[in-house]
Amino acid sequence: MEVERIVPLGIIVAMGAFLGWFIGRGSFVGAMVVFALGAVILNLYYEFLRRRGYILEDERTIRIEEISARRTLQVILIILAISMMYFSTKVRSDSSYKGLMAFSGLLLFALLIIHGALRIYYSRVM
């Protein structure tokens, strides 16, 4: 494996270890700081690679990312719709499922709104 690919994996592993440590201690702020620092460090590293002439993505990889993101969204929407139906039937016999049903519904609604808004945005700028 190339060094260019090992360094990000090391950063992600270290980030995961520190995230686990902070979460284990119950420190949300610490976990968020580690998450933000990890994102900044990864972006700086990728920018460093770009400046040195490494091609991190091309038309093929961008297209693969687009297709996989679309399929992921489709699968998540189907899973959320099925979970909504499941929790809706469970609420009739056990009201403790109301929170899960509401969360599934809100998440499904939010994803649909975000997806629709991004489609409108990209249809205007592209």
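Residues numbered from 1 in each chain as written. Predicted model: local features only at pLDDT ≥ 70, side-chain atom pairs only at ≥ 80, totals over all residues. Heavy atoms only, no water.

> Talk me through the pattern of salt bridges; I want residue IDs and the actual numbers.
On inspection of all chains with the given rule, the structure shows 3 salt bridges. The residue arginine 50 makes a salt bridge to glutamate 47 at a minimum N-O spacing of 3.1 Å. Residue arginine 50 and its partner glutamate 47 are both found in helix H2 (residues 28-51); the two are separated by 3 residues, about one turn of the helix. Here arginine 51 makes a salt bridge to glutamate 47, at a shortest N to O gap of 3.6 Å. Here glutamate 47 and arginine 51 lie together in helix H2, a separation of 4 residues that amounts to about one turn. A cluster of three or more residues bridged by salt bridges with shared partners is formed by Glu47, Arg50 and Arg51. (Salt bridge = Lys/Arg side-chain N within 4 Å of Asp/Glu carboxyl O. Helix = DSSP H or I, 4+ residues; strand = E, 2+ residues; numbered from the N terminus.)

> Account for the confidence of the model for the protein, naming residues and giving values.
In this model, the protein carries an average pLDDT of 89, and 99% of its residues clear a pLDDT of 70 or more. Across the protein, H2 holds the top mean pLDDT of 94, while helix H3 (residues 59-93) sits lowest at 89. (pLDDT = per-residue confidence, 0-100.)

> Give me the lowdown on H3, citing residues and values where you can.
Compared with the 51 Å implied by 1.5 Å per residue over 35 residues, the 52 Å span of H3 between its first and last C-alpha is a close match. Along H3, the positions that sit buried rather than exposed are Leu73, Leu77, Leu80, Ser83, Phe87 and Val91. Packing partners of the buried residues in H3 comprise helix H4 (98-125). (Expected span 1.5 Å × (residues − 1). Buried < 20%, exposed > 50% of the residue type's maximum accessible area, 1.4 Å probe, protein only. Contact = heavy atoms within 4.5 Å.)

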